[in-house]
Protein chains: 2
Amino acid sequence: MVPASIFTELTMANPLLAKRRALLGGAYRLFYEEPLHIVRGRGCYLYDAQGRRYLDAYNNVPHVGHCHPQVVAAISQQAATLNTHTRYLHEHVLDLAEQITDLCADGLAHMLFACSGTEANDLALRLARARTGAEGVIVTESAYHGHSCAVVQLSTEDTPPARRGDHIVTIPAPDSYRRQASGPEQAADLDQALAELERRGHRPAAFFLDTVLSSEGIATVPEGYLPAAVARVRSAGGLFVADEVQAGYGRSGVSFWGHERLGVVPDMITMGKPMGNGHPISGLVTSADVLDAFTRESHYFNTFGGNPVSCAAALAVLAVMRDEQLMARARSTGAWLRAELEGLAAQHEVIGDVRGSGLFLGLDLVQDRSRQTPATDLAAELVNAMRQRGVLLGRTGLHGNVLKIRPPMVFTREDGSLLLEALADSLAA
Amino acid sequence: MVPASIFTELTMANPLLAKRRALLGGAYRLFYEEPLHIVRGRGCYLYDAQGRRYLDAYNNVPHVGHCHPQVVAAISQQAATLNTHTRYLHEHVLDLAEQITDLCADGLAHMLFACSGTEANDLALRLARARTGAEGVIVTESAYHGHSCAVVQLSTEDTPPARRGDHIVTIPAPDSYRRQASGPEQAADLDQALAELERRGHRPAAFFLDTVLSSEGIATVPEGYLPAAVARVRSAGGLFVADEVQAGYGRSGVSFWGHERLGVVPDMITMGKPMGNGHPISGLVTSADVLDAFTRESHYFNTFGGNPVSCAAALAVLAVMRDEQLMARARSTGAWLRAELEGLAAQHEVIGDVRGSGLFLGLDLVQDRSRQTPATDLAAELVNAMRQRGVLLGRTGLHGNVLKIRPPMVFTREDGSLLLEALADSLAA
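Not measured: the values here are computed from a predicted model. The residue numbers shown here count from 1 along each chain, following its written sequence. Lettering of chains starts at A and numbering of ligands starts at 1, both following the order in which they are written. The predicted nature of this model means local features are confined to residues of pLDDT at least 70 and side-chain atom pairs, given and counted, to a pLDDT of 80 or more, with totals for whole chains, interfaces and linings taken over all residues.

### Remarks on the packing of helix H3 (residues 91-102) of chain A against helix H10 (residues 308-323) of chain A
Residue and element names in this part refer to chain A.
Piece 1. Between N-to-C directions, angles span 0 to 180 degrees; the directions come from axes that are lines fitted to C-alpha atoms, helices contributing only their stretch in contact. Secondary structure counts use DSSP, requiring at least four H or I residues in a row for a helix and at least two E residues in a row for a strand, with both numbered from the N terminus. For the pair H3 and H10, interaxial distance at closest approach is 9 Å and the crossing angle is 35°. Our pair here, H3 against H10, has a crossing hand that is left-handed. Residues His92, Val93, Asp95, Leu96 and Gln99 of H3 touch H10, and the partners they reach there are Pro308, Cys311, Ala312, Ala314, Leu315 and Leu318.
Piece 2. For the contact of H3 with H10, the residue count by class is eight nonpolar, two polar and one charged. Crossing handedness: left-handed means the near helix sits turned counterclockwise from the far one by under a right angle, and right-handed means the same turn made clockwise. C-beta atoms are placed from the backbone for every residue, and two residues are taken to be in contact when these atoms lie within 7 Å. When residues are sorted by character, Ala, Val, Leu, Ile, Met, Phe, Trp, Tyr, Cys and Pro go into the nonpolar class, Asp, Glu, Lys and Arg into the charged class, and all the rest, Gly among them, into the polar class.

In structure tokens, the structure reads:
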């Protein structure tokens, strides 16, 4: 999610804006002061209605690149052959579940399918409650986990405390930059959260964490934090849900899932955005222990979840990732880009911290390096300035001051050079 | 939804069953005592791995027929061109919102997009709560409205009272067959429900009704029921949500939405299953009044909801409906089929009632016509017998004794004749 101030009010002359306002009302937001009317995409590039090309350094959904021909072909062929549901037998849903569970730790062997990250996290909450018999949830401040009635309350970025149930308790995001304490010390936040839940009469069902801490500013998790945090939750009877909707699918370059970098095996893994390269599909992997507890009281059916076309799209994404070695490429391109950005930081005091891994990088912009005062307005200006220079990126974090670089995984050094040039120019201007 | 007893236990020799059990666990169910392994679909027909053809008289999701070439082409072309989200401007989402809101009553002019019927109903609940400041919900017994944490509690078919929040109160489904009272008399159920909500300390946010009462046994709503019911809810401050996920899109043959037949303009309309002919897309239409209340406290973004590919699929479905006059065909084919089924009922005492409209028909099977005792086991046997004869249908209702005939909208009299022949044979056997 992106702070409100990078969205625009619909006041421009473009007739699409008036039509949009009339039909969609005021609930939706557009990116950029001058919104984009995108008509075509390919690889890391988007093209607007005037034919102008934009380097897409923002969108993680088109994971293997916009309109990858192998994914398009898989969708087209399966859509022409059969699209049904999981109440008939079909190979695709099983092949996909097999390939994904093979990428998970031993014991995380069962998979359920849904349509969106929201549905996956909502389902994880249902399973956690069935397994634990408890209601309480611990999330970070400035978290994003989706938008259903249940999980929008876990999206503390969007939902103020007064609109959250009292079963939800927040902790500060783990952070190596703005907090001085060690990982195990920061994990003591969980003690306070668990005590607060108990004070409110709740036991913990789950601790949800986006393992790349995207909406928390792509914060760097200090060494030793997550094992210590999860141990506390588990000893109080709760489960750990790794929200891999953004972090997963090799995004970090160093492991397929974000939690692997953080030294923990979760009780559930949720995934979504990159799975179908834009086609709506999401899922959840868990253990027999957790799933059986749910199955004893409920069954699960999702009309579109796990249909053959969605699974064909997702199988094609995994095949392209293997064929084009996208995780290894993200590692090497990301390491190079991060080093270059650190070079830029050496020249610009406003870049307080360069962080992230693979193709999910953050630049923490500050007014004052020693005091780390967030440079929120500057971040907003830079996002718009970069858009004017033909490079799309976003910003994130509790203060909206962290530039978010999160391109499709086919992003190259040539693409990175374009980005760096535009960023150097924008910073100079 | 279909009663559990028509699902099978995974005990057969088919290796796909063992793989499915290992990977998906026990939460999913399969149709039929002998599950189907479907590999191909076209129009109203599905084909299994052995090449056997089945007449599909069950699936309402492939609304314009399995693998309709115009829908497949729209998906393929747009997937090859661009798939992004609603934070850039794009024509498709606006054209779709325009076409759909044009099919709604004046004042229902705004549309939001999601991925599944569950997400649409869950969002309707968020909007209803924002508009009313209330929490209470009224639903029928044996309702189905989805499977998220919030709306699975409204799916009283699946969720027993002990697992529903005390903000949910049920009413008996309106019914012209098993209940003797008039429509306005049955609407007095709402008085009791509202009083019960008040007793529990809740005000009503919404009354949700699937306007074809699918999981309630495709019950016939008595004349005058819904206006009287909705007036009571509104006078207590609540909204009426017409769940058109199954009833909408011309299914009844006589109106595009189910609520139009029942004489009410809803505060919100939710839709899903047929929208994309199997491609995951859903939506919600509401008034400026309701949407503005939500927008004052929240914004809305759904990563996949309203993307150009999903909208292209949905635009193609609407175009095919117009080109092939599917609503008019459903009306005439459905009227003919219903008359033929009534003829069958004249010969078979077990058919207690033939009901429904267009291509959503129900046969209420009874052990005794005068006592209307549900013939649940017979319904289960017939569903499996029909499957063995190559005709797919389901069963529904509180007692699982209502045969459900709900084919793709391209179903013809020739298809109907096949169904009738198999049904006559099955009833004779």
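### Remarks on the pairing of strand S13 (residues 351-357) of chain A
All names here are of chain A.
Piece 1. Buried means a residue has 20 or more other C-beta atoms within 10 Å of its own C-beta, exposed means 12 or fewer, and partly exposed covers the counts in between; C-beta atoms are placed from the backbone. Within S13, seven of the seven residues are buried, leaving the element largely enclosed by the surrounding structure.
Piece 2. Pairing between strands requires that DSSP locate at least two bridges from one strand to the other. Bridging between S13 and strand S14 (residues 360-368) involves six bridges; their strand directions are antiparallel. When the bridges of S14 are listed, Val354 appears paired with Leu363.

### Focus: unusual backbone geometry
Piece 1. The backbone of Ser142(A) sits at a positive phi, close to 65°, despite the residue not being glycine.
Piece 2. Position of Ser142(A) relative to the elements: it lies in the loop between strand S7 (136-140) and strand S8 (168-171).
Piece 3. With a phi angle near 55°, Asn277(B) is a residue other than glycine that sits in the positive phi range.
Piece 4. Summarising the element assignment, Asn277(B) is placed in the loop between strand S11 (268-271) and strand S12 (282-286).
Piece 5. Judged by the 28 C-beta atoms lying within 10 Å of it, Asn277(B) falls in the buried class.

### Some remarks on the environment of Asp210(A)
Residue and element names in this part refer to chain A.
Piece 1. Checked against the element boundaries, Asp210 lands in strand S9 (residues 204-210).
Piece 2. The exposure class of Asp210 is buried, given the 26 C-beta atoms found within 10 Å.
Piece 3. Sequence separation between Asp210 and Leu382 is 172 residues; the distance between their C-alpha atoms is 26 Å.
Piece 4. Those residues in contact with Asp210 that sit more than four places away from it in its chain are Ala143, Tyr144, Ser215, Asp243, Gln246 and Ala247.

### Concerning the domain arrangement of chain A
Residue and element names in this part refer to chain A.
Piece 1. The domain boundaries assigned to chain A delineate domain 1 (4-64 + 325-428) and domain 2 (69-323).
Piece 2. One C-alpha centre belongs to domain 1, the other to domain 2, and the line joining them spans 25 Å.
Piece 3. Contact with domain 1, which involves 26 residues of that partner, is made by 27 residues of domain 2.
Piece 4. The set of elements that each furnish at least two residues to the side of domain 1 that touches domain 2 consists of helix H11 (326-347), S13, S14 and strand S18 (402-405).
Piece 5. Per element, the largest residue contribution to the side of domain 1 that touches domain 2 is five residues, and it comes from H11.
Piece 6. Classifying every residue of the side of domain 1 that touches domain 2 gives eleven nonpolar, ten polar and five charged. As annotated, the domain borders come from an automatic or database domain assignment.

### Focus: the confidence of the model for chain A
All names here are of chain A.
Piece 1. Every residue is assigned a pLDDT by the predictor, reflecting its confidence on a scale from 0 to 100. When pLDDT is averaged across chain A, the result is 96; 97% of the residues are at 70 or more.
Piece 2. Model confidence for chain A, summarised as mean pLDDT per element, is weakest for strand S1 (residues 7-8) at 49 and strongest for strand S10 (residues 239-243) at 99.
Piece 3. Per-residue pLDDT stays below 50 along residues 1-12; that stretch engages in 27 contacts with residues further than four places along the chain or on separate chains.
Piece 4. Both scores are available for the predicted complex, with the pTM at 0.97 and the ipTM at 0.96.

### Looking at the interface of chain B and chain A
Piece 1. At the interface, 75 residues of chain B touch 76 residues of chain A.
Piece 2. Of the residues contributing to the side of chain B that touches chain A, the split by class is 37 nonpolar, 26 polar and twelve charged.

### So, the sheet that holds strand S16 (residues 391-392) of chain A
Residues and elements named next belong to chain A.
Piece 1. Across the sheet, four strands lie side by side as S3-S4-S5-S16; this open sheet has mixed pairing. Both outer strands of the open sheet, strand S3 (38-42) and S16, are each paired with one neighbouring strand and no more.
Piece 2. Pairing of S3 with strand S4 (residues 45-48) involves four bridges; the strand directions are antiparallel. Note that in S4 the partner of Gly41 across the bridge is Leu46.

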